[in-house]
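Observations on chain architecture
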Amino acid sequence: MKTNSVRAKLRSGESSVGTWLALPDPIFAKLMSSTGFEWLTVELEHSHATIETAALCFPIIAASDCVPLARVPYNSVENIKRVLDTGAWGIVVPMVNSRAEAEAVVKAARYRPQGERSVGGQLHAANFATDAGTYYAKANDEILIVLMAEHVDAIENIDDILSVPGIDAVFIGPNDLHASMGFAPAFDSEDPTFNAALKKVYTSALAHGVAPGIHVADAAQAQRRLDEGWKMIAVASEVGFMLDKAGEITKALGLGGDGALAKY
Ligand code: 3PY
Ligand code: MG
């Protein structure tokens, strides 16, 4: 069975950098798999991706020595089960704001005895290049569980959330976090409340042996977060890169437009 290199790195205290796939297309998955990012998160929360397109992307990413993750649309048993059973190597779960919600994620994503994940499917084992029996025996050691902290309630409850056994990483959604504080969405800001929240999550993550992560807009922000000790960094998305470059070119040529659409 293949090893989930991103989970292994995060567990040994190393950092890992990836990006988001917001365009549901296996060809983009193939092309982005060879850009050097260590993992690609197939976006099912804010995109028009379906479980079918996601299931086509996971094996392509896995076969390219990259790690396929999926951001589920919402924290539910069916969402988590379907992306894992169709071959994602890990889940990113948005808006986990309480201990009960964190426990529900672990219950849905880990087989017994750690959880109650339902047993079935073929693509999960195929994507780890193994047989079903081996997958069922070893999946709990390979599946990466990432909870998003992106609401003031999550910040309030962060120690309760991160002390739930079985969580690998906590990932800040800076846009939603700003929004929940009543500010304009942004990847970063000088706001003291936002920065205090990041510090609280980072400290709690280290105390509970969970890797702290955050979504950033560009390479400079990624480097700054790595220097600060954040371990799981997502840089924008493939569509963000495309729009950025298009905006740069049209601006330089005086054609209007500035690529100001969202970066993930
Ligand atoms: C946010 O910034 O809210 C996100 O969800 C980024 O992944
Ligand atoms: Mg968000």
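This text gives an overview of the structure that appears in the document.

Thresholds, definitions, all that
- Residues numbered from 1 in each chain as written.
- Chains lettered and ligands numbered in written order.
- Predicted model: local features only at pLDDT ≥ 70, side-chain atom pairs only at ≥ 80, totals over all residues.
- Heavy atoms only, no water.
- Buried < 20%, exposed > 50% of the residue type's maximum accessible area, 1.4 Å probe, protein only.
- Helix = DSSP H or I, 4+ residues; strand = E, 2+ residues; numbered from the N terminus.
- Pairing = 2+ DSSP bridges.
- Donors = N, O, S within 2.8 Å, 3.2 Å for Na, K, Ca; no water.
- 1 Å grid on protein atoms, 1.4 Å probe; cavity = no way out; pocket = protein on both sides within 12 Å on 5 of 7 lines; lining within 4 Å.
- Points joined across faces, edges and corners; volume = space filled by probe spheres on them.
- Nonpolar A, V, L, I, M, F, W, Y, C, P; charged D, E, K, R; others polar.
- Contact = heavy atoms within 4.5 Å.
- Axes fitted to C-alpha atoms, helices over the stretch in contact; angles between N-to-C directions.

**Points about the pairing of strand β6 (residues 169-172)**
Judged by which residues are buried, β6 turns out to be covered on both faces: Ala169 and Phe171 on one side and Val170 and Ile172 on the other are all buried. Sheet analysis places strand β5 (residues 144-149) next to β6, joined by four bridges and oriented parallel. The residue of β6 that forms the bridge with Met148 is Phe171. Both β6 and strand β7 (residues 211-216) contribute to a ladder of four bridges, which runs parallel. Its bridge partner lying in β7, Val170 is registered against Pro212.

**A word on the coordination of the magnesium ion (ligand 2)**
Every protein donor of the magnesium ion (ligand 2) is listed here as Glu150 (OE) and Asp176 (OD), and their distances to the metal cover 2.1 Å. Remark: Asp176 occurs in helix α10 (residues 174-180) and Glu150 occurs in the loop between β5 and α8 (152-156); sequence separation between them is 26 residues.

**Quick look at the layout of surface pockets**
Of the volumes computed, that of the largest pocket is approximately 300 Å³. Taken together, 23 residues line the largest pocket, and the ones lying closest to its centre are Arg11, Ile167, Asp168, Gly209 and Val210. Every element with two or more residues in the lining of the largest pocket is listed here: α1 (5-11), α7 (132-142), α11 (192-207) and β7. The biggest single contributor to the lining of the largest pocket is α1, with three residues. Of the residues assigned to the lining of the largest pocket, the class counts are ten nonpolar, seven polar and six charged.

**Describing the side chain of Glu45**
Structurally, Glu45 can be placed in the loop between β2 (39-43) and α3 (51-62). When residues no more than four places from it in sequence are discounted, the contact partners of Glu45 are Arg71, Val72, Pro73 and Pro94.

**Notes on the sheet that holds strand β4 (residues 90-93)**
In spatial order, the strands read β1-β2-β3-β4-β5-β6-β7-β8; together these eight strands close into a barrel with parallel pairing. Taken over all neighbouring pairs, the strand axes of this sheet differ in orientation by 25° on average, direction set aside. Pairing between strand β1 (residues 16-21) and β2: three bridges, direction parallel. Paired with Thr19 across the bridge in β2 is Leu40. Strands β4 and β5 of the sheet are contacted by helix α5 (residues 99-109), whose axis makes an angle of about 160° with β5.

**Digging into empty space enclosed by the protein**
Evaluated as defined, the whole model comprises one cavity of 30 Å³ or more. Its boundaries defined by the atoms lining it, the largest cavity holds a volume of some 60 Å³. Considering the residues around the largest cavity, the lining is formed by Glu45, His46, Arg71, Met148, Glu150, Gly173, Pro174, Asn175, Asp176, Phe187, His215 and Tyr264. Here the element with the most residues in the lining of the largest cavity is α10; it accounts for three residues.

Geometry only, nothing functional implied.
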